[in-house]
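A structural walkthrough
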Protein chains: 2
Amino acid sequence: MSKKEKLKIIPLGGLGEVGKNMTAYEYGGDILIVDAGIMFPENDMLGVDYIIPDFEYLLDKANRVRGLVITHGHEDHIGAVRHVLEQIPVPVFATPLTLGLIEVKLARNGYTDKADLRRIQANEKIQIGKFTVETFHVSHSIPDAVGLAITTGAGLIIHMSDFKLDHTPVDGWPTDYARLAEFSQRGVDLLLSDSTNSERPGWTPSERIIGPAFDQVMAAAPGRVIVATFASLISRIQQVSDAAVKNRRKLAFAGTSMVENAKIARKLGYLIVPDETLVSIEQALHMPDEKVVIMCTGSQGEPSSIIGRLSTGSNRQFDVKRGDTVVLSSHPIPGNEEAVSRAINRLLRQGANVIYDSIAPIHVSGHASQEEQKLLINLVKPKHFLPIHGELRQLKRHAWLAEQVGIPTENIVVVENGQIVELGGGKLTLGDRIPGDYVFVHGESIGDIDHDVMKEREQLARNGIVVIDLSIDKIKGRLLHEPEVITRGFLSPEDAERLIPEMRKRVMKVVNSGGLDSEKDIASAVKSYLYDQTKRKPMVFVTMSRA
Amino acid sequence: MSKKEKLKIIPLGGLGEVGKNMTAYEYGGDILIVDAGIMFPENDMLGVDYIIPDFEYLLDKANRVRGLVITHGHEDHIGAVRHVLEQIPVPVFATPLTLGLIEVKLARNGYTDKADLRRIQANEKIQIGKFTVETFHVSHSIPDAVGLAITTGAGLIIHMSDFKLDHTPVDGWPTDYARLAEFSQRGVDLLLSDSTNSERPGWTPSERIIGPAFDQVMAAAPGRVIVATFASLISRIQQVSDAAVKNRRKLAFAGTSMVENAKIARKLGYLIVPDETLVSIEQALHMPDEKVVIMCTGSQGEPSSIIGRLSTGSNRQFDVKRGDTVVLSSHPIPGNEEAVSRAINRLLRQGANVIYDSIAPIHVSGHASQEEQKLLINLVKPKHFLPIHGELRQLKRHAWLAEQVGIPTENIVVVENGQIVELGGGKLTLGDRIPGDYVFVHGESIGDIDHDVMKEREQLARNGIVVIDLSIDKIKGRLLHEPEVITRGFLSPEDAERLIPEMRKRVMKVVNSGGLDSEKDIASAVKSYLYDQTKRKPMVFVTMSRA
């Protein structure tokens, strides 16, 4: 038997969910990238807009990257396409809706012309460098999602990105079991599969079950119905539109991303909203309340979203009012629970009726639960298994499920981002570890805030700052005037009034006595005085000029 | 009919859960306080240690406060006793275990001697000023919890603090249905009841169901079992101890609060751990791993807790190691999900097996779910209903449940903290709104950080700071030397190297040209330059000395 080359599987993206936002494959000198999405910052990532995967590993190999395949049109899979293309100009392959959503995003950044976008369909076979990629349809909370069968000399692998086994999906197009069975017959060497819900027993309910709940909400609502969800949850938009039609209400979209996504999805035929149902938000605001449904973003309570602004009374176009029914059609992403709760409480306080997932079935997950995950493994019968799309806790749980259905423990590998896995010679083994971390995006520039900067921000935030400016007579070594003191985030004005004069006196005394003369020494004297008085440790900066 | 005086019900405590941490009653000039607990800060309350209710309303009425009754020994009901007593010295009434836990807390702050602590029992009737208070047992996740029946000229009210209707509680002492029925026969004018789980359908499982799960974990664990829970969850400690005995493991407590609480609960007979089972943590660390159970705090992933430190490898006494089984016996409190997930991932990364509530039944709630809440209302048959212990969303839901079981809508009042409710003349009405907010505790002093300080902290944290120090020649108006620049939390060192020299040049240019000469003008010029370059807005401080 000849020595075969190995396939490298490279999950990129820092501490985030493994392989979710970006995975690269390397074989015979060629590289294929699957997905390029963004992550949202956690609560203690202060001031970060969003996070992109660290793909530095690929930069010096850019000329060997043959293509970028996108599995579906959600932010966490398409949001970083622009950032990748800026450094690695490469053809992007995606199904029509996914490509449409990518185009919308690129256009917003003035990037469309430069991108080489290639439309593919589910059930297509394309050659990308040394990779034979076969697409197959999967159901998810957005239409036109695909899984990938990737064949190289190292074998056949199935890359199962976000999916659920919804037998009655809103678009009538279930996951392609026949193709999965066909791959299974061919013999699958490795299955990579979505672990998002691996801690959830049972079977994820069909997206269709929420239709009746929306029907009921719209029938019972005395006034406007305002539905919040993600702008890319096209299936959810379809359900709300269907319920609006049934209840003879008009539907308006509020907010740029919702308007743009709905427009492209309608144009491509993935979202069916009758012309006579659709109105502009301006029109909707002049219609009788009981005839109106408004869809917008903000189901995660984000302060800058429409729901966030409605909850604080700071939305530009319209306000929430008594009689409105607000539906938060999503489940809080871990870390967002407080923000969502605050938004709910504020909307209730304004007299709106608020409906959220713990009081009515107006949301279902887009990801497979344990029974679906096990069925997939049994259907595909892979020799090896690599759980992806989850934190370590979900991956370990998914690995445990795979063991339950008979994958031998030694054929399962659990890794985190940055750990290369190699398939070859009938074995799945660990390869190199590559450096990689989060890349924080804040403002214009990318990656110029690192963990140290983040740590400084946390220190600033925990205790505030004190700035002391001293002018010292060069010859006599005495202060020319009283020290100026600025504080932020440290004390309330009343306490400052009590504490600062005394602090100023002490600084004058130590400086004038010639006891301390470096900025550092003065700062540490101030620090210990303030700690004594308040048991807190603000950052202290001393600036000193000698004249 | 003579004009009767009204009873005022005063829920205190800022935007927190209504009446959870402190409720005051006022009747005929006398005041009774129920509970005095703390809240834990939310994610964006930067640098706050904990929060106490704002009881300023009571301060100028301190001489009319007749007593403080505590319903049970959890932090959110006893944590602020010291803060209240410091300003309102008043007798504290509580059952033996609750009083024991209060004593432990007061002792830690050197306060025991000054407190007038009075032991009461469930099923006791005491007169506190004009309030006749009858206690009755309720089951909760800590033994010796009580509800209160409070009789005044305005009628009989039932104050149902934290409770569940557990038919097989660990201490064998269920909620006292007979007393509730008796009050019902007397005629209850108002029921106040715990809304924590009003969004949860069904019936909360008995604390006892988790016993077998702990048994199984300990039987299967190849090495040490480390169980994390709240230090005041005495019932949970009992379950773990029982399982340790069954599995012939020794039990050690780690951490001051856990050690102290277990000690007082054992002493008072509320926690039964055989002497031969209990070992010190030092002893446990020298025993064979498979013979050991360690209980500690940190089930919420708090970085400074033992679990938090174990997860980052920074615990002093011992480390987590391959073969350990760590059980997080709690459910993440909203806002703590990220911290808990991080702790789980880190412990897994260190090779421990981690068991948490979504993979094994090692936690149940201590609060009644919807069916229990409805049963309570039907049992008590109150004329009026006031949901407490919840945010607005939970209160509204609890009110809806009360309507379902037949309480007329007009007899239900939903309020938030600071809104006085009045009972009298057969009616429940809204009274005055009193000012009140969170009182943040950070370091030594209380209440000297307010929302403005918090806002400044957030600004500091979002974008960092830039401090620029200028020395200017008094006569020529020119800079004496290059401006000194300090940044924190703004740029990485590499980017600072690029940006700062250019910024310095620009400042020198504008100052030397005499164009800008106030600190404010220079700061705003710097701000706009930095925004131009980075699209970020750090706080900029300019200090200037003229010599």
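Please read these numbers as outputs of a predicted model, since none were measured by experiment.

1. What to know about the overall build of chain A
A tally of regular secondary structure across chain A gives 16 helices and 24 strands. Projected onto its principal axes, the C-alpha coordinates of chain A cover approximately 90 × 75 × 45 Å. Considering only intrachain contacts with a sequence separation of at least 6, the fraction spanning at least 24 residues in chain A is 72%. Only carbon and sulfur atoms are counted for the fraction: they give 49% of the accessible area of chain A, which is about 21,500 Å². For chain A, the centre of its 64 positive side-chain charges and the centre of its 70 negative side-chain charges are spaced 2 Å apart.

2. Focus on the relation of the copies chain A and chain B
Here chain A sits on chain B after a turn of 180° about the axis and a move of 0.0 Å along it, with an RMSD of 0.1 Å. In short, the pair behaves as if placed about a two-fold rotation axis. Considering only C-alpha atoms, the residue of chain A closest to the rotation axis is Ala-461 of chain A, which sits at 2.5 Å. When you check the interface residues of chain A against chain B, 100% turn up at the interface there too, and the contact is symmetric in its surfaces.

3. Re the interface of chain A and chain B
Between chain A and chain B, the residue contacts involve 64 residues of the former and 65 residues of the latter. Together, the buried faces of chain A and chain B total about 6,000 Å²; carbon and sulfur atoms form 50% of this surface. At the junction of chain A and chain B, the tally comes to two salt bridges. Between Arg-349 of chain A and Glu-416 of chain B there is a salt bridge, with its nearest N and O atoms 2.5 Å apart. Seen at the junction of chain A and chain B, the total is 21 residue pairs in polar contact (both at pLDDT 80 or more). Among the elements of the structure, α11 (337–349), α13 (392–404), α14 (451–463), β22 (465–472), β23 (484–488), α15 (493–512), α16 (519–534) and β24 (539–546) of chain A are those that each provide at least two residues to the side of chain A that touches chain B. With eight residues, the single largest contributor to the side of chain A that touches chain B is α11 of chain A. Classifying every residue of the side of chain A that touches chain B by side-chain character gives 22 nonpolar, 17 polar and 25 charged.

4. What to know about the layout of surface pockets
Counted as a void, the second largest pocket has a volume near 1,200 Å³. Along the wall of the second largest pocket there are 48 residues; nearest its centre are Leu-348, Ala-352, Asn-353 and Val-354 of chain A together with Lys-396 of chain B. Within the residue set of the lining of the second largest pocket, elements represented by two or more residues are α6 (210–220), α11 and β17 (353–355) of chain A together with β1 (7–12), α1 (56–59) and α13 (392–404) of chain B. The element best represented in the lining of the second largest pocket is α13 of chain B, accounting for seven residues.

5. Focus on the sheet that holds strand β9 (residues 131–138) of chain B
Residue and element names in this part refer to chain B. Strand order in this open sheet of six strands is β8-β9-β10-β11-β12-β18, and the pairing throughout is mixed. The sheet is open, and its two edges are formed by β8 (125–128) and β18 (384–388), each paired on a single side. Averaged over all pairs of adjacent strands, the angle between strand axes in this sheet comes to 20°, irrespective of strand direction. Its contacts with the sheet place helix α5 (residues 177–186) against β9, β10 (145–152) and β11 (155–160), and it is angled at close to 145° to β9. Its contacts with the sheet place α13 against β12 (190–194) and β18, and it is angled at close to 150° to β18.

6. Brief notes about unusual backbone geometry
Residue and element names in this part refer to chain A. With phi around 70°, Asp-35 is a residue other than glycine that occupies positive phi space. Structurally, the position occupied by Asp-35 is in the loop between β3 (30–34) and β4 (50–53). Judged by its relative accessible area of 1%, Asp-35 falls in the buried class. Even without glycine at this site, Asp-144 takes up a positive phi of about 65°. Assignment of secondary structure puts Asp-144 in the loop between β9 (131–138) and β10 (145–152).

7. Digging into the domain arrangement of chain A
Residues and elements named next belong to chain A. Here chain A is partitioned into domain 1 (7–202 + 365–446), domain 2 (207–356) and domain 3 (464–546). If you average the C-alpha positions of domain 1 and of domain 2, the two centres end up 30 Å apart. Both faces combined, the contact of domain 1 with domain 2 buries some 1,600 Å², and carbon together with sulfur accounts for 59% of it. Three residues stand out in domain 1 for area buried against domain 2, namely Leu-97, Ser-141 and Val-170, and they jointly supply 32% of the buried area on that side. Linking domain 1 with domain 2 are one salt bridge. Taking the shortest distance from any N to any O, the salt bridge between Arg-108 and Glu-260 comes out at 2.7 Å. Viewed at the interface, domain 2 and domain 1 are joined by seven residue pairs in polar contact (both at pLDDT 80 or more). For the side of domain 1 that touches domain 2, the element with the highest residue contribution is helix α4 (residues 96–108), accounting for six residues.

8. Examining the side chain of Ser-161 of chain B
Residue and element names in this part refer to chain B. Within the secondary structure, Ser-161 is located in the loop between β11 and α5. Among the polar contacts listed, one links the side chain of Ser-161 to the side chain of Thr-71, at a separation of 2.9 Å. Residue contacts for Ser-161: discarding those within four places in its chain leaves Asp-35, Thr-71, His-72, His-77, Asp-194 and His-389.

9. Details of α14 of chain A
One full turn of an α-helix is made of 3.6 residues, so residues set three or four places apart face in the same direction. Over its 13 residues, α14 of chain A runs 19 Å from end to end, which matches the ideal 18 Å to within 8%, given 1.5 Å per residue. Taken residue by residue, α14 of chain A has Val-453, Met-454, Arg-457, Leu-460, Ala-461 and Asn-463 of chain A as its buried positions. As for α14 of chain A, its buried residues are in contact with β21 (438–441), β22 and β24 of chain A together with α14 (451–463), β22 (465–472) and β23 (484–488) of chain B. Backbone geometry just downstream of α14 of chain A places Gly-464 of chain A in the positive-phi region, at approximately 80°.

10. Thoughts on the pattern of salt bridges
Residues and elements named next belong to chain A. Within this structure, the stated rule accounts for 54 salt bridges over all chains. Across the pair Lys-321 and Asp-289 runs a salt bridge whose closest N-O atoms are separated by 2.9 Å. Of this pair, Lys-321 sits in the loop between α10 (306–311) and β16 (325–328) while Asp-289 sits in the loop between α9 (281–285) and β15 (292–296); the two residues are 32 residues apart in sequence, bridging distant segments of the chain. According to the relative accessible area criterion, Lys-321 is partly exposed, its value standing at 36%. The exposure class of Asp-289 is partly exposed, given its relative accessible area of 24%. Where salt bridges share partners, they join Glu-134, Arg-179, Glu-182 and Arg-186 into one cluster.

Procedures and definitions
Residues numbered from 1 in each chain as written. Chains lettered and ligands numbered in written order. Predicted model: local features only at pLDDT ≥ 70, side-chain atom pairs only at ≥ 80, totals over all residues. Heavy atoms only, no water. Helix = DSSP H or I, 4+ residues; strand = E, 2+ residues; numbered from the N terminus. Contact = heavy atoms within 4.5 Å. Areas by Shrake-Rupley, 256 points an atom, 1.4 Å probe, with all protein chains shown as cover. Lys, Arg positive; Asp, Glu negative; His and termini not counted. Charge placed at Lys NZ, Arg CZ, Asp CG, Glu CD. Least-squares fit on C-alpha atoms with pLDDT ≥ 70 in both. Buried area = accessible area lost by both parts, 1.4 Å probe. Salt bridge = Lys/Arg side-chain N within 4 Å of Asp/Glu carboxyl O. Polar contact = N/O pair within 3.5 Å; in protein donor to acceptor, adjacent residues only side chain to side chain. Nonpolar A, V, L, I, M, F, W, Y, C, P; charged D, E, K, R; others polar. 1 Å grid on protein atoms, 1.4 Å probe; cavity = no way out; pocket = protein on both sides within 12 Å on 5 of 7 lines; lining within 4 Å. Points joined across faces, edges and corners; volume = space filled by probe spheres on them. Pairing = 2+ DSSP bridges. Axes fitted to C-alpha atoms, helices over the stretch in contact; angles between N-to-C directions. Buried < 20%, exposed > 50% of the residue type's maximum accessible area, 1.4 Å probe, protein only. Domains from an automatic or database assignment. Expected span 1.5 Å × (residues − 1).

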